[in-house]
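A look at the structure
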Amino acid sequence: MITIHINASKEYDVILKAGVLSEAGRLIREDLSKRYGTTGILRSRRVCVVCDETVGDLYGGEQQTLITSLREAGFDVSRFVFPGGEDHKNMETIERLLDHLTEHRFSRTDLLVALGGGITGDVTGFAAAIYLRGIDFIQIPTTLLAAVDSSVGGKTGVNLPAGKNLAGAFWQPNLVLFDPSVLTTLGQPLLLDGMAEILKAGFIADSTVIYSALMVPWGEDGPPEDAPDPGSSSDSSLYGFLRMGWSGPRPPIFDNPEEMIRLIAKAVDIKRRIVEEDERESGQRKLLNLGHTIGHAIEKCSRYDISHGAAVATGIAIIAKAGQSLDWVREGYADDICAILEYFGYDLSCPYPAFALADVAYNDKKVQGNRISLVIPDYPGHCILKDVPALDLENIIQQGL
Ligand SMILES: NC(=O)c1ccc[n+]([C@@H]2O[C@H](COP(=O)([O-])OP(=O)(O)OC[C@H]3O[C@@H](n4cnc5c(N)ncnc54)[C@H](O)[C@@H]3O)[C@@H](O)[C@H]2O)c1
(Lines give C-alpha, C1' and ligand atoms only; values in the text may rest on other atoms or scores of the structure.)
Protein backbone atom coordinates (compact mmCIF):
# COMPACT_ATOMS: atom_id res chain seq x y z
CA MET A 1 0.00 0.00 0.00
CA ILE A 2 1.24 3.50 -0.84
CA THR A 3 -0.36 6.55 0.79
CA ILE A 4 0.30 10.06 -0.44
CA HIS A 5 -0.98 12.83 1.79
CA ILE A 6 -2.15 15.98 0.00
CA ASN A 7 -1.95 19.15 2.03
CA ALA A 8 -4.23 21.49 0.09
CA SER A 9 -7.11 23.71 1.34
CA LYS A 10 -8.56 20.36 2.35
CA GLU A 11 -6.14 17.64 3.47
CA TYR A 12 -6.68 14.17 2.10
CA ASP A 13 -4.98 10.87 1.38
CA VAL A 14 -4.45 9.16 -1.95
CA ILE A 15 -4.35 5.43 -1.20
CA LEU A 16 -2.92 3.10 -3.85
CA LYS A 17 -3.61 -0.49 -2.88
CA ALA A 18 -4.60 -3.73 -4.58
CA GLY A 19 -8.08 -4.71 -3.40
CA VAL A 20 -8.93 -1.29 -1.95
CA LEU A 21 -12.43 -1.36 -3.52
CA SER A 22 -13.45 -3.97 -0.97
CA GLU A 23 -12.28 -1.68 1.87
CA ALA A 24 -13.82 1.51 0.49
CA GLY A 25 -16.78 1.60 2.92
CA ARG A 26 -14.58 1.21 5.99
CA LEU A 27 -11.96 3.70 4.75
CA ILE A 28 -14.60 6.32 3.95
CA ARG A 29 -16.19 5.86 7.40
CA GLU A 30 -12.80 6.15 9.11
CA ASP A 31 -12.02 9.29 7.15
CA LEU A 32 -15.38 10.84 8.11
CA SER A 33 -14.75 10.03 11.77
CA LYS A 34 -11.31 11.64 11.59
CA ARG A 35 -12.69 14.73 9.89
CA TYR A 36 -15.84 15.27 11.93
CA GLY A 37 -15.16 13.37 15.15
CA THR A 38 -17.53 10.67 16.35
CA THR A 39 -20.39 12.40 14.54
CA GLY A 40 -18.72 11.06 11.41
CA ILE A 41 -20.24 7.71 12.32
CA LEU A 42 -23.75 9.16 12.21
CA ARG A 43 -23.15 11.64 9.44
CA SER A 44 -23.29 10.77 5.75
CA ARG A 45 -25.91 8.11 5.66
CA ARG A 46 -26.47 8.50 1.93
CA VAL A 47 -23.91 7.88 -0.76
CA CYS A 48 -24.46 8.30 -4.48
CA VAL A 49 -22.04 6.31 -6.65
CA VAL A 50 -21.63 8.11 -9.97
CA CYS A 51 -20.30 6.15 -12.93
CA ASP A 52 -20.63 5.85 -16.68
CA GLU A 53 -22.34 2.82 -18.22
CA THR A 54 -19.10 0.93 -18.97
CA VAL A 55 -17.68 1.34 -15.49
CA GLY A 56 -21.09 0.69 -13.99
CA ASP A 57 -21.10 -2.74 -15.63
CA LEU A 58 -17.50 -3.49 -14.71
CA TYR A 59 -17.22 -2.23 -11.13
CA GLY A 60 -20.37 -0.39 -10.08
CA GLY A 61 -23.06 -3.08 -10.11
CA GLU A 62 -25.45 -3.58 -7.19
CA GLN A 63 -23.82 -6.89 -6.26
CA GLN A 64 -20.23 -5.84 -6.88
CA THR A 65 -17.42 -5.22 -4.44
CA LEU A 66 -17.63 -1.44 -4.08
CA ILE A 67 -21.34 -1.15 -3.45
CA THR A 68 -21.30 -4.16 -1.14
CA SER A 69 -18.46 -2.62 0.83
CA LEU A 70 -20.33 0.71 1.14
CA ARG A 71 -23.52 -1.03 2.30
CA GLU A 72 -21.56 -3.14 4.81
CA ALA A 73 -20.21 0.11 6.27
CA GLY A 74 -23.78 1.27 6.84
CA PHE A 75 -24.29 3.62 3.90
CA ASP A 76 -27.59 3.94 2.08
CA VAL A 77 -26.33 3.67 -1.51
CA SER A 78 -27.92 4.90 -4.74
CA ARG A 79 -26.35 4.91 -8.19
CA PHE A 80 -26.32 7.56 -10.90
CA VAL A 81 -25.24 6.06 -14.22
CA PHE A 82 -24.74 8.27 -17.28
CA PRO A 83 -23.70 7.43 -20.85
CA GLY A 84 -20.13 8.76 -20.52
CA GLY A 85 -17.90 10.39 -23.13
CA GLU A 86 -17.03 14.08 -23.63
CA ASP A 87 -20.47 14.67 -25.20
CA HIS A 88 -22.02 13.93 -21.82
CA LYS A 89 -19.52 15.91 -19.77
CA ASN A 90 -21.91 18.82 -19.82
CA MET A 91 -24.42 20.88 -17.84
CA GLU A 92 -27.26 18.55 -18.77
CA THR A 93 -25.58 15.64 -16.98
CA ILE A 94 -24.92 17.90 -14.00
CA GLU A 95 -28.57 18.91 -13.90
CA ARG A 96 -29.70 15.27 -14.06
CA LEU A 97 -27.28 14.35 -11.28
CA LEU A 98 -28.49 17.24 -9.09
CA ASP A 99 -32.09 16.12 -9.73
CA HIS A 100 -31.13 12.60 -8.61
CA LEU A 101 -29.70 14.03 -5.39
CA THR A 102 -32.79 16.09 -4.60
CA GLU A 103 -35.10 13.16 -5.44
CA HIS A 104 -33.10 10.96 -3.03
CA ARG A 105 -33.14 13.76 -0.42
CA PHE A 106 -29.38 14.16 -0.15
CA SER A 107 -28.41 16.59 2.60
CA ARG A 108 -25.23 18.56 3.15
CA THR A 109 -23.74 15.73 5.20
CA ASP A 110 -24.21 13.06 2.54
CA LEU A 111 -21.61 12.33 -0.11
CA LEU A 112 -20.84 11.45 -3.68
CA VAL A 113 -18.45 8.79 -4.94
CA ALA A 114 -16.92 9.23 -8.40
CA LEU A 115 -16.19 5.76 -9.75
CA GLY A 116 -14.56 6.00 -13.15
CA GLY A 117 -12.27 7.94 -15.43
CA GLY A 118 -11.53 11.65 -15.61
CA ILE A 119 -14.93 12.50 -17.04
CA THR A 120 -16.81 10.91 -14.16
CA GLY A 121 -14.43 12.49 -11.65
CA ASP A 122 -14.79 15.97 -13.16
CA VAL A 123 -18.60 15.74 -13.41
CA THR A 124 -19.04 14.30 -9.91
CA GLY A 125 -16.65 16.78 -8.32
CA PHE A 126 -18.44 19.70 -9.95
CA ALA A 127 -21.85 18.45 -8.80
CA ALA A 128 -20.42 17.98 -5.28
CA ALA A 129 -19.04 21.54 -5.37
CA ILE A 130 -22.39 23.15 -6.21
CA TYR A 131 -25.04 20.89 -4.61
CA LEU A 132 -26.31 22.70 -1.47
CA ARG A 133 -23.23 24.96 -1.92
CA GLY A 134 -20.87 22.05 -1.53
CA ILE A 135 -20.88 18.47 -0.20
CA ASP A 136 -18.10 15.92 0.28
CA PHE A 137 -16.98 13.57 -2.44
CA ILE A 138 -14.60 10.65 -2.90
CA GLN A 139 -12.57 9.85 -6.00
CA ILE A 140 -12.23 6.20 -7.03
CA PRO A 141 -10.34 6.45 -10.33
CA THR A 142 -10.58 3.53 -12.76
CA THR A 143 -8.45 4.81 -15.65
CA LEU A 144 -4.71 5.35 -15.56
CA LEU A 145 -5.29 8.99 -16.50
CA ALA A 146 -7.66 9.53 -13.60
CA ALA A 147 -5.32 7.75 -11.17
CA VAL A 148 -2.27 9.83 -12.04
CA ASP A 149 -3.88 13.15 -12.77
CA SER A 150 -7.55 14.07 -12.68
CA SER A 151 -8.50 12.49 -9.34
CA VAL A 152 -5.92 14.60 -7.49
CA GLY A 153 -5.83 18.37 -7.19
CA GLY A 154 -9.47 19.37 -7.05
CA LYS A 155 -10.11 20.65 -10.56
CA THR A 156 -13.67 19.75 -11.47
CA GLY A 157 -15.93 20.84 -14.29
CA VAL A 158 -17.74 20.26 -17.54
CA ASN A 159 -17.48 21.33 -21.18
CA LEU A 160 -19.52 24.16 -22.67
CA PRO A 161 -20.36 24.34 -26.38
CA ALA A 162 -17.51 26.87 -26.76
CA GLY A 163 -14.82 24.58 -25.36
CA LYS A 164 -13.50 22.09 -22.84
CA ASN A 165 -13.83 22.47 -19.09
CA LEU A 166 -15.14 26.03 -19.37
CA ALA A 167 -17.46 25.68 -16.35
CA GLY A 168 -16.17 24.26 -13.11
CA ALA A 169 -14.89 24.72 -9.59
CA PHE A 170 -11.89 23.92 -7.46
CA TRP A 171 -13.25 21.32 -5.07
CA GLN A 172 -11.00 18.82 -3.34
CA PRO A 173 -12.10 15.24 -2.60
CA ASN A 174 -12.05 13.76 0.92
CA LEU A 175 -10.16 10.68 -0.21
CA VAL A 176 -8.77 9.10 -3.38
CA LEU A 177 -8.80 5.30 -3.53
CA PHE A 178 -7.05 3.54 -6.39
CA ASP A 179 -7.07 -0.21 -6.92
CA PRO A 180 -4.48 -1.03 -9.62
CA SER A 181 -6.36 -4.17 -10.61
CA VAL A 182 -8.86 -1.95 -12.50
CA LEU A 183 -6.10 -1.36 -15.06
CA THR A 184 -6.50 -4.94 -16.29
CA THR A 185 -9.74 -4.05 -18.10
CA LEU A 186 -8.24 -1.03 -19.88
CA GLY A 187 -7.21 -1.48 -23.50
CA GLN A 188 -3.93 -0.10 -24.77
CA PRO A 189 -5.38 3.21 -26.06
CA LEU A 190 -6.68 4.03 -22.57
CA LEU A 191 -3.37 3.02 -20.98
CA LEU A 192 -1.63 5.34 -23.44
CA ASP A 193 -4.00 8.15 -22.48
CA GLY A 194 -2.81 7.89 -18.90
CA MET A 195 0.81 7.39 -19.87
CA ALA A 196 0.71 10.77 -21.66
CA GLU A 197 -0.04 12.45 -18.32
CA ILE A 198 2.69 10.44 -16.57
CA LEU A 199 5.25 11.47 -19.19
CA LYS A 200 3.96 15.04 -18.91
CA ALA A 201 4.72 14.96 -15.17
CA GLY A 202 8.22 13.68 -15.96
CA PHE A 203 8.85 16.38 -18.58
CA ILE A 204 7.67 19.03 -16.12
CA ALA A 205 9.46 18.03 -12.97
CA ASP A 206 11.48 14.83 -12.88
CA SER A 207 13.33 12.96 -15.63
CA THR A 208 13.55 9.82 -13.50
CA VAL A 209 9.81 9.38 -14.19
CA ILE A 210 10.60 9.14 -17.91
CA TYR A 211 13.31 6.54 -17.34
CA SER A 212 11.02 4.54 -15.04
CA ALA A 213 8.26 4.61 -17.65
CA LEU A 214 10.66 3.52 -20.37
CA MET A 215 12.12 0.84 -18.07
CA VAL A 216 15.56 1.61 -19.45
CA PRO A 217 18.19 -0.99 -18.56
CA TRP A 218 20.22 1.61 -16.66
CA GLY A 219 17.49 2.29 -14.09
CA GLU A 220 15.96 5.58 -13.00
CA ASP A 221 19.11 7.62 -13.52
CA GLY A 222 19.04 7.05 -17.25
CA PRO A 223 21.93 6.30 -19.58
CA PRO A 224 25.46 6.24 -18.08
CA GLU A 225 27.45 9.46 -18.36
CA ASP A 226 29.87 7.90 -20.83
CA ALA A 227 27.01 6.75 -23.12
CA PRO A 228 27.47 7.79 -26.74
CA ASP A 229 25.95 11.06 -27.90
CA PRO A 230 22.20 11.28 -28.43
CA GLY A 231 21.53 10.27 -31.99
CA SER A 232 23.98 7.39 -31.84
CA SER A 233 22.50 4.01 -32.63
CA SER A 234 24.46 2.29 -29.85
CA ASP A 235 22.22 0.32 -27.47
CA SER A 236 23.69 2.14 -24.50
CA SER A 237 22.47 5.53 -25.69
CA LEU A 238 18.90 6.60 -25.10
CA TYR A 239 18.32 6.89 -28.83
CA GLY A 240 19.69 3.40 -29.43
CA PHE A 241 17.37 2.05 -26.75
CA LEU A 242 14.34 3.91 -28.14
CA ARG A 243 15.08 2.75 -31.67
CA MET A 244 15.11 -0.89 -30.59
CA GLY A 245 11.45 -0.50 -29.54
CA TRP A 246 9.71 -3.24 -27.55
CA SER A 247 9.70 -6.91 -28.36
CA GLY A 248 6.28 -7.81 -26.88
CA PRO A 249 2.89 -6.48 -27.94
CA ARG A 250 3.19 -3.24 -25.97
CA PRO A 251 5.61 -1.17 -23.86
CA PRO A 252 6.86 -3.45 -21.04
CA ILE A 253 5.80 -1.10 -18.23
CA PHE A 254 2.14 -1.96 -18.91
CA ASP A 255 2.84 -5.59 -18.02
CA ASN A 256 4.81 -4.89 -14.87
CA PRO A 257 2.30 -4.13 -12.06
CA GLU A 258 4.95 -3.39 -9.39
CA GLU A 259 6.81 -0.88 -11.54
CA MET A 260 3.52 0.56 -12.71
CA ILE A 261 2.28 1.31 -9.20
CA ARG A 262 5.62 2.93 -8.31
CA LEU A 263 5.38 5.03 -11.43
CA ILE A 264 1.80 6.08 -10.65
CA ALA A 265 2.88 7.07 -7.13
CA LYS A 266 5.73 9.20 -8.53
CA ALA A 267 3.39 11.00 -10.93
CA VAL A 268 0.85 11.62 -8.16
CA ASP A 269 3.62 12.95 -5.93
CA ILE A 270 4.68 15.45 -8.59
CA LYS A 271 1.09 16.63 -8.84
CA ARG A 272 0.95 16.84 -5.02
CA ARG A 273 4.01 19.10 -4.90
CA ILE A 274 2.65 21.45 -7.54
CA VAL A 275 -0.92 21.57 -6.17
CA GLU A 276 0.29 22.19 -2.61
CA GLU A 277 2.26 25.20 -3.85
CA ASP A 278 -0.42 26.68 -6.07
CA GLU A 279 -3.82 25.10 -5.62
CA ARG A 280 -5.80 27.64 -7.65
CA GLU A 281 -3.45 27.86 -10.60
CA SER A 282 -2.17 31.38 -10.21
CA GLY A 283 1.40 30.37 -11.06
CA GLN A 284 3.29 27.08 -10.92
CA ARG A 285 0.19 24.88 -11.38
CA LYS A 286 -0.05 26.20 -14.94
CA LEU A 287 2.94 23.94 -15.65
CA LEU A 288 0.56 20.97 -15.45
CA ASN A 289 -1.01 22.32 -18.64
CA LEU A 290 2.02 21.21 -20.69
CA GLY A 291 0.64 20.08 -24.06
CA HIS A 292 -2.92 20.93 -23.02
CA THR A 293 -3.61 24.24 -24.82
CA ILE A 294 -2.89 22.65 -28.17
CA GLY A 295 -4.14 19.24 -26.96
CA HIS A 296 -7.57 20.65 -26.04
CA ALA A 297 -7.73 22.36 -29.45
CA ILE A 298 -6.96 19.04 -31.18
CA GLU A 299 -9.64 17.28 -29.13
CA LYS A 300 -12.22 19.95 -29.96
CA CYS A 301 -11.32 20.06 -33.69
CA SER A 302 -11.74 16.27 -33.82
CA ARG A 303 -15.12 16.60 -32.06
CA TYR A 304 -13.56 14.54 -29.28
CA ASP A 305 -12.79 11.66 -31.62
CA ILE A 306 -9.11 11.98 -30.65
CA SER A 307 -8.79 11.10 -26.98
CA HIS A 308 -7.46 13.47 -24.33
CA GLY A 309 -4.16 11.65 -23.74
CA ALA A 310 -3.39 11.18 -27.43
CA ALA A 311 -4.13 14.88 -28.03
CA VAL A 312 -1.93 15.90 -25.09
CA ALA A 313 0.97 13.80 -26.44
CA THR A 314 0.68 15.55 -29.81
CA GLY A 315 0.31 18.90 -28.04
CA ILE A 316 3.55 18.28 -26.10
CA ALA A 317 5.40 17.39 -29.31
CA ILE A 318 4.11 20.50 -31.14
CA ILE A 319 4.96 22.95 -28.36
CA ALA A 320 8.41 21.35 -27.86
CA LYS A 321 9.22 21.62 -31.59
CA ALA A 322 7.86 25.18 -31.76
CA GLY A 323 9.90 26.09 -28.67
CA GLN A 324 13.02 24.59 -30.21
CA SER A 325 12.66 26.60 -33.40
CA LEU A 326 12.16 29.75 -31.30
CA ASP A 327 15.27 28.98 -29.19
CA TRP A 328 13.27 28.51 -25.99
CA VAL A 329 14.18 24.81 -25.80
CA ARG A 330 17.63 23.28 -25.39
CA GLU A 331 19.04 22.23 -28.77
CA GLY A 332 17.96 18.68 -29.62
CA TYR A 333 15.62 18.26 -26.65
CA ALA A 334 12.41 18.51 -28.71
CA ASP A 335 13.72 15.60 -30.80
CA ASP A 336 14.30 13.60 -27.60
CA ILE A 337 10.74 14.32 -26.45
CA CYS A 338 9.29 13.22 -29.80
CA ALA A 339 11.43 10.06 -29.81
CA ILE A 340 10.22 9.16 -26.30
CA LEU A 341 6.57 9.74 -27.22
CA GLU A 342 6.94 7.76 -30.45
CA TYR A 343 8.53 4.88 -28.53
CA PHE A 344 5.23 4.49 -26.67
CA GLY A 345 3.34 4.49 -29.97
CA TYR A 346 1.72 7.94 -30.01
CA ASP A 347 0.89 9.18 -33.48
CA LEU A 348 2.31 12.71 -33.33
CA SER A 349 0.96 13.87 -36.68
CA CYS A 350 -1.64 16.60 -36.34
CA PRO A 351 -4.51 16.55 -38.84
CA TYR A 352 -5.49 20.20 -38.25
CA PRO A 353 -3.88 23.41 -39.54
CA ALA A 354 -2.38 25.98 -37.17
CA PHE A 355 -5.15 28.55 -37.77
CA ALA A 356 -7.87 26.05 -36.74
CA LEU A 357 -6.00 25.08 -33.54
CA ALA A 358 -5.22 28.71 -32.70
CA ASP A 359 -8.86 29.66 -33.24
CA VAL A 360 -10.03 27.09 -30.66
CA ALA A 361 -7.17 27.85 -28.28
CA TYR A 362 -8.11 31.54 -28.41
CA ASN A 363 -11.39 30.66 -26.68
CA ASP A 364 -9.59 28.57 -24.08
CA LYS A 365 -9.85 29.69 -20.49
CA LYS A 366 -6.06 29.97 -20.42
CA VAL A 367 -6.26 33.18 -22.48
CA GLN A 368 -6.16 36.12 -20.08
CA GLY A 369 -6.85 39.52 -21.61
CA ASN A 370 -5.15 39.13 -24.92
CA ARG A 371 -2.25 37.04 -23.65
CA ILE A 372 -1.75 33.33 -23.15
CA SER A 373 0.65 31.38 -20.94
CA LEU A 374 2.42 28.60 -22.82
CA VAL A 375 4.26 25.80 -21.02
CA ILE A 376 7.63 25.16 -22.65
CA PRO A 377 9.74 22.08 -21.82
CA ASP A 378 13.08 23.88 -21.97
CA TYR A 379 15.33 21.07 -20.68
CA PRO A 380 14.84 17.56 -19.23
CA GLY A 381 12.68 17.52 -16.10
CA HIS A 382 11.99 21.25 -16.35
CA CYS A 383 9.45 23.58 -17.94
CA ILE A 384 8.97 27.33 -18.04
CA LEU A 385 5.90 29.52 -18.55
CA LYS A 386 6.06 31.87 -21.55
CA ASP A 387 3.52 34.63 -21.63
CA VAL A 388 2.84 35.50 -25.29
CA PRO A 389 0.27 37.61 -27.15
CA ALA A 390 -2.64 35.32 -28.01
CA LEU A 391 -2.48 36.61 -31.59
CA ASP A 392 1.02 35.07 -31.94
CA LEU A 393 -0.35 31.61 -31.20
CA GLU A 394 -1.05 30.60 -34.79
CA ASN A 395 2.49 31.43 -35.83
CA ILE A 396 3.95 29.59 -32.83
CA ILE A 397 1.85 26.46 -33.49
CA GLN A 398 2.84 26.60 -37.16
CA GLN A 399 6.51 26.28 -36.16
CA GLY A 400 5.75 23.08 -34.28
CA LEU A 401 3.67 21.32 -36.92
N1 LIG B 1 -9.58 17.45 -13.33
C2 LIG B 1 -8.35 17.33 -13.80
O3 LIG B 1 -7.37 17.76 -13.17
C4 LIG B 1 -8.14 16.62 -15.10
C5 LIG B 1 -6.84 16.28 -15.50
C6 LIG B 1 -6.68 15.57 -16.69
C7 LIG B 1 -7.79 15.22 -17.46
N8 LIG B 1 -9.03 15.59 -17.03
C9 LIG B 1 -10.22 15.22 -17.80
O10 LIG B 1 -10.32 13.80 -17.80
C11 LIG B 1 -11.05 13.39 -18.95
C12 LIG B 1 -10.37 12.19 -19.57
O13 LIG B 1 -10.31 11.16 -18.61
P14 LIG B 1 -10.39 9.62 -19.03
O15 LIG B 1 -9.50 9.36 -20.17
O16 LIG B 1 -10.20 8.85 -17.79
O17 LIG B 1 -11.84 9.56 -19.65
P18 LIG B 1 -13.16 8.75 -19.34
O19 LIG B 1 -13.66 9.07 -17.98
O20 LIG B 1 -14.10 9.00 -20.46
O21 LIG B 1 -12.73 7.24 -19.43
C22 LIG B 1 -12.34 6.74 -20.68
C23 LIG B 1 -13.14 5.50 -21.05
O24 LIG B 1 -12.68 4.42 -20.25
C25 LIG B 1 -13.77 3.69 -19.74
N26 LIG B 1 -13.25 3.10 -18.51
C27 LIG B 1 -13.01 3.70 -17.34
N28 LIG B 1 -12.42 2.85 -16.49
C29 LIG B 1 -12.31 1.67 -17.12
C30 LIG B 1 -11.77 0.42 -16.77
N31 LIG B 1 -11.17 0.21 -15.59
N32 LIG B 1 -11.81 -0.58 -17.68
C33 LIG B 1 -12.37 -0.37 -18.90
N34 LIG B 1 -12.88 0.80 -19.30
C35 LIG B 1 -12.84 1.81 -18.42
C36 LIG B 1 -14.85 4.70 -19.59
O37 LIG B 1 -16.12 4.10 -19.61
C38 LIG B 1 -14.63 5.58 -20.81
O39 LIG B 1 -15.27 5.01 -21.92
C40 LIG B 1 -11.11 14.58 -19.87
O41 LIG B 1 -12.42 15.09 -19.88
C42 LIG B 1 -10.15 15.59 -19.26
O43 LIG B 1 -10.54 16.93 -19.48
C44 LIG B 1 -9.23 16.27 -15.88
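The structure displayed is predicted, hence computed values, not measured ones. (Residues numbered from 1 in each chain as written. Predicted model: local features only at pLDDT ≥ 70, side-chain atom pairs only at ≥ 80, totals over all residues. Heavy atoms only, no water.)

**Things to note about the packing of aromatic side chains**
Our working rule: Centres within 6.5 Å are what make two rings of Phe, Tyr or Trp a pair, Trp counting through its six-membered ring; a difference in plane orientation under 30 degrees is then read as stacked, over 60 as edge-to-face, and the rest as tilted.
Tallied over the full model, the rule gives four aromatic pairs. Members of the aromatic cluster, connected to one another through ring pairs, are W218, F241, Y343 and F344.

**Focus on the pattern of salt bridges**
As a reminder of what qualifies: Only one rule defines a salt bridge in this text: a Lys or Arg side-chain nitrogen within 4 Å of an Asp or Glu carboxyl oxygen. Secondary structure counts use DSSP, requiring at least four H or I residues in a row for a helix and at least two E residues in a row for a strand, with both numbered from the N terminus. Exposed residues in this analysis have more than 50% of their type's maximum accessible area, buried residues have under 20%, and partly exposed residues fall in between, with area computed by a 1.4 Å probe over protein chains only.
According to the stated counting rule, one finds 22 salt bridges in the structure shown. For R35, the salt bridge is made with D31, and the minimal N-O distance between the two is 2.9 Å. With R35 and D31 both in helix α1 (residues 24-36) and four residues apart, this pair spans about one turn of that helix. By relative accessible area, which is 10% here, D31 ends up buried. E259 is the partner of R262 in a salt bridge, and the nearest nitrogen-oxygen pair spans 3.7 Å. Here R262 pairs with E259, and both are found in helix α11 (residues 257-277), just three residues apart, close to one helical turn.

**Thoughts on the pairing of strand β11 (residues 371-379)**
Residues in a regular strand project their side chains so that they alternate between the two faces of the sheet. The following threshold applies: Two strands make a pair as long as DSSP finds a minimum of two bridges between them.
Of all nine residues in β11, seven are buried, a share of seventy percent or more. Here strand β10 (residues 367-368) runs beside β11; their pairing, made up of two bridges, is antiparallel. Across the sheet, residue Q368 finds its bridge partner in β11, namely R371. As consecutive antiparallel partners, β10 and β11 are separated by two residues, and within that stretch G369 has a phi angle of approximately 65 degrees, a positive value. Judged from the seven bridges that link them, β11 and strand β12 (residues 382-389) form a sheet pairing that is antiparallel. Bridge assignment links S373 to a residue of β12, and that residue is D387. Counted along the chain from β11 to the antiparallel partner β12, the turn is two residues long, and its residue G381 has a positive phi close to 70 degrees.

**Details of the nonpolar core**
Inclusion rule: Here the nonpolar core consists of buried residues drawn from Ala, Val, Leu, Ile, Met, Phe, Trp, Tyr and Cys, with membership extended through side-chain atoms lying within 4.5 Å. In what follows, a contact means two residues having at least one pair of non-hydrogen atoms within 4.5 Å.
Judged by nonpolar contacts, the single largest core of 114 residues is most densely connected at M195 and F344. If you tally residues by element for this core, the top one is α11, at ten residues. Ignoring sequence-local partners within four residues, the contact set of F344 consists of L192, M195, L199, A213, L214, W246, P251 and I253. Formed by 19 residues, the second largest nonpolar core is a distinct cluster that contains C48, L97, V158 and A167.

**Regarding the site of the ligand**
To keep things clear, this is the line we draw: Proximity criterion: a residue is near a molecule or strand once any of its heavy atoms comes within 4 Å of it. Think of a polar contact as two N or O atoms within 3.5 Å of one another; within protein, one of them needs to be a possible hydrogen donor and the other a possible acceptor, and neighboring residues in sequence only count if both atoms come from side chains. Accessibility throughout is a Shrake-Rupley quantity obtained with a 1.4 Å probe, and a residue counts as covered only by protein chains that appear here.
Around the ligand, the surrounding shell holds 26 residues, and the nearest of these are D52, E86, T142, T143 and T185. A distance of 2.7 Å separates an oxygen atom of the ligand from a polar atom in the side chain of D52. Contact with the protein chains hides 88% of the accessible area of the ligand, taken as 860 Å² for the molecule alone. Sorting the residues of the shell around the ligand by element identifies α3 (53-59), α6 (118-130), α7 (144-150), β8 (163-170) and α8 (188-205) as the ones contributing at least two each. In terms of residue count, α3 provides more of the shell around the ligand than any other element does, four residues in total.

**A look at the sheet that holds strand β3 (residues 46-52)**
This is how the line gets drawn: Only the stretch in contact is used when a helix axis is fitted, and all axes are lines through C-alpha atoms; the angle between N-to-C directions ranges over 0 to 180 degrees.
Taken in spatial order, the seven strands make up an open sheet running β1-β2-β9-β6-β5-β3-β4, and their pairing is mixed. Whereas interior strands pair on both sides, the edge strands pair on one side only; in this sheet they are β1 (2-7) and β4 (76-82). Recorded for the sheet is a direction-independent mean angle of 20 degrees between the axes of neighbouring strands. Along the sheet, α1 makes contact with β2 (11-16), β5 (111-116), β6 (136-141) and β9 (175-178), crossing β9 at roughly 160 degrees. Relative to the sheet, helix α5 (residues 91-103) contacts β3, β4 and β5, its axis offset from that of β4 by approximately 160 degrees.

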